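Working through the structure, step by step
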Amino acid sequence: MLRRRLLALVAAAGMTIAAAAAVVLPATAANAAACASAYVSSQVYTGGQQASYNGHNWTAKWWTQYETPSTGGSGVWADDGSCGGGTGGGGGGSCSYPNWVAGQYYAVGAIVRYTNGLYYQATHENPGYDPTISTWFWSPYSCGGGGTGGGGGGGFVVSEAQFNQMFPGRNGFYTYAGLTDAIKKYPAFATSGSDTVKKQEAAAFLANVSHETGGLVYIDEINTANWPHYCDYSQPYGCPAGQSAYHGRGPIQLSWNFNYKAAGDALGVDLLNNPNLVATNSSISWQTGLWYWMTGTGNAGTTSHNAMVNGQGFGTTIRAINSIECNGGNAGQVQSRVNLYNQFVGILGVPAGGNLYC
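What comes next is a walk through the structure. (Residues numbered from 1 in each chain as written. Predicted model: local features only at pLDDT ≥ 70, side-chain atom pairs only at ≥ 80, totals over all residues. Heavy atoms only, no water.)

A few points about the sheet that holds strand E6 (residues 119-122)
Reading across from one edge, E5-E6-E7 is the order of the 3 strands in this open sheet, with antiparallel pairing throughout. With partners counted over all chains shown, the strands left at the sheet margins are strand E5 (111-113) and strand E7 (138-141), one partner each. Adjacent strand axes in the sheet meet at a mean angle of 35° when their direction is disregarded. (Pairing = 2+ DSSP bridges. Helix = DSSP H or I, 4+ residues; strand = E, 2+ residues; numbered from the N terminus. Axes fitted to C-alpha atoms, helices over the stretch in contact; angles between N-to-C directions.)

Re helix H10 (residues 314-322)
Taking burial as the measure, the 9 residues of H10 include 7 buried ones, the bulk of the element. For H10, the complete set of buried residues consists of Phe-314, Gly-315, Thr-316, Thr-317, Ile-318, Ala-320 and Ile-321. As for H10, its buried residues are in contact with helix H5 (195-213), helix H8 (282-295), helix H9 (304-309) and helix H11 (331-348). (Buried < 20%, exposed > 50% of the residue type's maximum accessible area, 1.4 Å probe, protein only. Contact = heavy atoms within 4.5 Å.)

As for a nonpolar patch on the surface
Together, Val-217, Tyr-218 and Ile-222 give the surface a local cluster of nonpolar side chains, amounting to about 280 Å² of exposed area. Position of Ile-222 relative to the elements: it lies in the loop between H5 and helix H6 (257-267). (Patch = residues over 30% accessible without salt bridge, like charges linked within 9 Å, V, L, I, M, F, W, Y side chains within 5 Å. Areas by Shrake-Rupley, 256 points an atom, 1.4 Å probe, with all protein chains shown as cover. Salt bridge = Lys/Arg side-chain N within 4 Å of Asp/Glu carboxyl O.)

A word on the nonpolar core
Formed by 64 residues in total, the largest nonpolar core has its most connected members in Phe-156, Leu-206, Trp-286 and Tyr-341. Looking at this core, the elements with two or more residues in it are helix H3 (160-166), helix H4 (176-183), H5, H6, helix H7 (277-280), H8, H10 and H11. Counting residues per element, this core draws most heavily on H11, at 8 residues. Not counting residues up to four positions away in its chain, the partners in contact with Trp-286 are Phe-163, Tyr-174, Thr-175, Gly-178, Leu-179, Ala-182, Phe-205, Leu-206, Val-209, Leu-216 and Pro-251. (Core = buried A, V, L, I, M, F, W, Y, C linked by side-chain atoms within 4.5 Å.)

Quick word on H11
Here H11 contains 18 residues, and its C-alpha end-to-end distance of 26 Å stays within 8% of the 26 Å for a straight helix at 1.5 Å per residue. Turning to H11, its buried residues are Val-334, Arg-337, Val-338, Leu-340, Tyr-341, Phe-344, Val-345, Ile-347 and Leu-348. Buried residues along H11 sit against H3, H5, H9 and H10. Taken from the residues just after H11, Gly-349 is the one with a positive phi, measuring 75°. (Expected span 1.5 Å × (residues − 1).)

A closer look at unusual backbone geometry
Phi is positive for Ala-190, close to 55°, though the residue is something other than glycine. Along the polypeptide, Ala-190 turns up in the loop between H4 and H5. Under the relative-accessibility criterion, Ala-190 is labelled buried at 2%.

Section: the pattern of salt bridges
Pairing of side chains with opposite charge becomes possible as their charged atoms draw close. Evaluation of the coordinates by the stated rule reveals 6 salt bridges. Across the pair Asp-195 and Lys-198 runs a salt bridge whose closest N-O atoms are separated by 3.7 Å. Taken together, the residues span about one helical turn, with Asp-195 and Lys-198 both in helix H5 at a distance of 3 residues. Of the residues examined, Lys-198 reaches a relative accessible area of 19% and is grouped as buried. Salt-bridge contacts for Arg-249 lead to Asp-220; the nearest nitrogen and oxygen are separated by 3.6 Å. Of the two residues, Arg-249 is situated in the loop between H5 and H6 and Asp-220 in the loop between H5 and H6; the sequence distance between them amounts to 29 residues. Of the residues examined, Arg-249 reaches a relative accessible area of 4% and is grouped as buried.

Everything listed here is a matter of coordinates, which is why it stays silent on function.
Shown next, in the form of structure tokens:
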């Protein structure tokens, strides 16, 4: 929230005081805060990160992208007041990344401007460690090369044409751009191992999300009668968005208040209080799917990412995502996932590998 400064104005009669005030007021411009790095629409800003826009500094209250700083809209931006001069940029103007914030979560690949004016990139995710001290977590970043790869759209092993071929009837919410933007949060996704392994992992992820969403058609869980059943009140933070607010959403059908809390904490987004972001922001929605893919183990004892990279096979990803289907629990659902996987590896031109069932 914005800090409000209370200005005590002492009213006094007489032209002398009024004239003095006229002299003092212009001096405040010289004391204006330095401008933070310029706002960049494609840049992801998380809570506490600052940017300058139209002569003012702005602080993001929560995760945002493509939302121009203003006092309207979703209210994500807090106006910190006017600023003057500039931060210099440290990189000849080619860099425009947010200032580093102590205690703020940073995913692998995040780039920040440190207090010394230099830029650093997170080589390992961390909770806001000092880049000049925790050098295992951060590496110096040069602004001359035009940015980092980070697993963005151009490097994804599935082209947009192939994506459209996989999902010819998809909901327009599930965009290819949203997916490739989300991949920046988890640059190890579909970039580990041989080209075959990379494509197998991409196919496995997309096959599972296709199964969960009816071919990327559904955003919210279809059975609305289940919506009130995903609030675990034993959690100390409860269900601040309401008992029915934590139903399945997005490509992996994220559900339960504790999963929204965990995903939001990992992604730097307040999903506990704003769960509907998973149904209204394509990038965040895809990020929740990748979050579970890269970190969730279910009853598999390993993540879906590691299962595909380490050769444990597609069947292990099913066990990690929905183990109740395995061991004869629901053979039809397992077969549906396997059929989609076989279809998608065919589109990508790689073999399916072994251990397809669970």
